[in-house]
Amino acid sequence: MKKYIAALIAVMLLISGSAVAENLFSGVALIEEKEIYYSGSVDGENLGVYILEKDGSAWQIYDTDAMLLEESDSSILLMDYITEQAILLSKEGTVLAQVSGYYGTAIEDDDWFYLGNIALSEDGSQQRVMFEVSAEELYYVTPVCVEEGYLYYIDEREYGPSTFGEGSMSTGSLCRVPLRGGEAEVVSGPGLSVVGIEDDCIVFVQQNFLHDGVDAIYEVQVDEGLFIYDTESGRITKLSTIETESESSYVYFDHVDNGIVYGTNNVYNEETGEVTTIIRRITMRGEELPEIMVSDAALCAVDDDCMVLAQYSYYEDGAGNFIQNDKIIIYNAENDTNFVLNEGRNDMLFFTEANPDIVYDDGKVYWVSYNNELAALEFYCGDIQSGEIRMLAPGYSWLNMESVG
């Protein structure tokens with residue numbers, strides 16, 4: 001039963017795809033300056049969407065567990081998979097608008113929400129279709145950003161439904177459509193995935209991928225590499241090539257911060273059996289910075305010289321049980337020092353095929369740990385200066401369900 005419930009929770013987390021906003025992770029929480037928007041349970045029994053104040057108080061604004069998508073100054077957008085609708089709420093909990101369909105990501109710009117092919121004003125009074133997409137194809141359209149009068153989005157409709165293998169998450173083309181109406185156009189692609197957006201520039205990776213065509217499976221070949229697209233000038237610059245011939249040479253670029261693009265490469269030593277993670281850094285001008293080597297870990301967040309990494313770890317309790325005590329490592333690139341934030345805790349950070357989703361904001365680290373005994377996702381916050389760790393919400397215990405399925 002527990003294994004089934006853990007798998008169910010994993011699917012709920014993975015369905016959200018890559019978070020566009022840096023303060024959003026797994027559809028579970030949105031971290032803001034004064035409060036946190038949280039979807040789950042604050043008592044272990046009742047599900048809903050809550051506002052968590054930094055002083056520990058909480059109140060419910062939606063009575064159903066839903067995936068958080070994005071927020072503005074006055075409203076919050078979430079996806080309710082029970083009603084199959086995106087719900088726009090005021091921050092007092094009033095439903096302002098409902099949009100039918102399945103949406104995994106959204107962005108907000110200048111008091112407008114963009115989800116799939118729909119633009120929705122923050123008060124819910126206006127809604128417009130940016131371009132035509134069938135209900136079955138919504139999953140393959142992902143908004144990226146709004147720049148220079150255009151909505152940029154990833155379109156995977158051409159290859160996404162018939163793609164598999166290592167490159168299955170990088171099949172889309174980067175497209176744009178005028179905010180005031182007009183024809184959509186392709187900027188670059190296919191085989192493209194966005195790494196991040198900074199200073200009016202979109203950083204992306206392009207790589208080959210396998211496609212199941214009408215007559216045979218074949219590789220779609222593209223100009224592989226790390227690129228930067230300047231939305232103001234329309235210029236695309238190649239920052240680096242990438243190698244896909246072997247796992248030991250491929251760099252996974254997945255963070256942009258303060259003009260630097262970060263990527264990781266795990267190298268396995270056959271003699272020692274150890275894995276070394278190489279953190280590669282390239283400036284947005286194409287300058288290579290010195291590589292950083294750490295023991296096998298996943299790079300989860302970056303802010304200036306501070307990097308937050310997660311490391312899979314476990315021990316045997318003496319009774320034949322293996323207990324995970326995954327590490328959250330805070331690494332300072334400026335002085336080459338690091339420490340474990342959650343030392344002595346049994347946090348289960350690695351419980352899906354994806355890397356842990358961890359947010360670093362204003363000197364604090366936020367994460368979700370899976371409690372195997374309660375089948376619950378526990379929400380925590382740790383202060384990197386004081387080392388204090390506190391539970392923000394216990395999460396819903398799926399053992400409360402009388403039956404599953």
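Look up: the structure comes first, before these words.
Everything quoted here is computed from the prediction, not taken from an experiment.

1. Concerning the overall build of the chain
Argument step 1. When you go through the chain residue by residue, the secondary structure sums to one helix and 37 strands.
Argument step 2. The C-alpha atoms of the chain give 21 Å as radius of gyration, which agrees with the globular expectation for 405 residues (22 Å, within 12%).
Argument step 3. Dimensions of the chain, computed from C-alpha atoms along their principal axes, come out at roughly 60 × 60 × 45 Å.
Argument step 4. The buried share of the chain, reckoned over its 405 residues, is 52%.
Argument step 5. Across the chain, every contact between residues at least 6 apart in sequence was considered, and the portion connecting residues at least 24 apart equals 40%.
Argument step 6. For the chain, the computed accessible surface area is about 19700 Å², with 44% contributed by carbon and sulfur atoms.

2. Notes on the pattern of salt bridges
Argument step 1. Counted by the stated rule, this structure contains ten salt bridges.
Argument step 2. Among the salt bridges present, the one from Lys327 reaches Glu343, with a minimum N-O distance of 3.6 Å. Highlighted residues: Lys327 in strand 32 (residues 327-332) and Glu343 in the loop between strand 33 (337-340) and strand 34 (359-361), separated in sequence by 16 residues.
Argument step 3. Of the charged contacts in the structure, one is a salt bridge between Lys364 and Asp383, with a shortest N-O distance of 3.6 Å. In this pair, Lys364 sits in strand 35 (residues 364-371) while Asp383 sits in strand 36 (residues 376-383), placing the two residues 19 residues apart along the sequence.
Argument step 4. The class for Asp383 is buried, based on a relative accessible area of 18%.
Argument step 5. A single network of salt bridges, built from pairs that share partners, joins Glu137, Asp155 and Arg157.

3. Regarding the sheet that holds strand 35
Argument step 1. The four strands are arranged 34-35-36-37 in an open sheet whose pairing can be described as antiparallel. For this open sheet the edge positions go to strand 34 and strand 37 (389-393), each flanked by a neighbour on one side alone. Going across the sheet, the axis of each strand differs from the next one's by a mean of 30 degrees, ignoring polarity.
Argument step 2. Pairing geometry for strand 35 and strand 36, over eight bridges, is antiparallel. What sits directly across from Lys364, in strand 36, is Asp383.

4. Digging into the packing of aromatic side chains
The geometry of an aromatic ring pair is captured by the separation of the ring centres together with the interplanar angle, meaning the angle of the planes.
Argument step 1. Taken as a whole and assessed by the stated rule, the structure comprises 15 aromatic pairs.
Argument step 2. Ring geometry for Tyr38 and Phe379: centres 5.5 Å apart, planes at 0 degrees, overall stacked. Highlighted residues: Tyr38 in strand 3 (residues 35-40) and Phe379 in strand 36, separated in sequence by 341 residues. For the pair shown, Tyr38 and Phe379 are each scored as buried.
Argument step 3. Each ring, one from Tyr150 and one from Tyr152, has its centre 6.4 Å from the other, and the planes form 55 degrees; the classification is tilted.
Argument step 4. Judged by its relative accessible area of 0%, Tyr152 falls in the buried class.
Argument step 5. Put simply, the rings of Tyr312, Tyr314, Phe322 and Phe350 pair up and form one aromatic cluster.
Argument step 6. In this structure, Arg128 packs its charged tip against the face of Trp112, placed 4.3 Å from the ring centre.
Argument step 7. It is Arg345 that lies over the ring of Tyr380; its NZ or CZ is 4.3 Å from the centre.

5. As for the sheet that holds strand 18 (residues 185-198)
Argument step 1. One open sheet accounts for seven strands, arranged 14-15-17-18-19-22-23; its pairing is antiparallel. Strands at the two margins of the open sheet, each flanked by one partner only, are strand 14 (141-147) and strand 23 (236-240). Across this sheet, the average inter-strand angle for adjacent strands is 45 degrees, counted without regard to direction.
Argument step 2. Here four bridges tie strand 17 (residues 172-178) to strand 18, and the two strands are oriented antiparallel to one another. Residue pairing for strand 18: Arg176 is matched across the bridge by Glu185.

6. Details of the environment of Tyr268
Argument step 1. Looking at the secondary structure, you find Tyr268 in strand 25 (residues 260-268).
Argument step 2. Through-space distance from the C-alpha of Tyr268 to that of Asp296 is 9.2 Å; in sequence the pair is 28 residues apart.

Reading the values: rules and limits
Residues numbered from 1 in each chain as written. Predicted model: local features only at pLDDT ≥ 70, side-chain atom pairs only at ≥ 80, totals over all residues. Heavy atoms only, no water. Helix = DSSP H or I, 4+ residues; strand = E, 2+ residues; numbered from the N terminus. Rg over C-alpha atoms; globule rule 2.2 N^0.38 Å. Buried < 20%, exposed > 50% of the residue type's maximum accessible area, 1.4 Å probe, protein only. Contact = heavy atoms within 4.5 Å. Areas by Shrake-Rupley, 256 points an atom, 1.4 Å probe, with all protein chains shown as cover. Salt bridge = Lys/Arg side-chain N within 4 Å of Asp/Glu carboxyl O. Pairing = 2+ DSSP bridges. Axes fitted to C-alpha atoms, helices over the stretch in contact; angles between N-to-C directions. Phe/Tyr/Trp six-rings, centres within 6.5 Å; stacked < 30°, edge-to-face > 60°. Lys NZ or Arg CZ within 6 Å of the ring centre and 35° of its normal.

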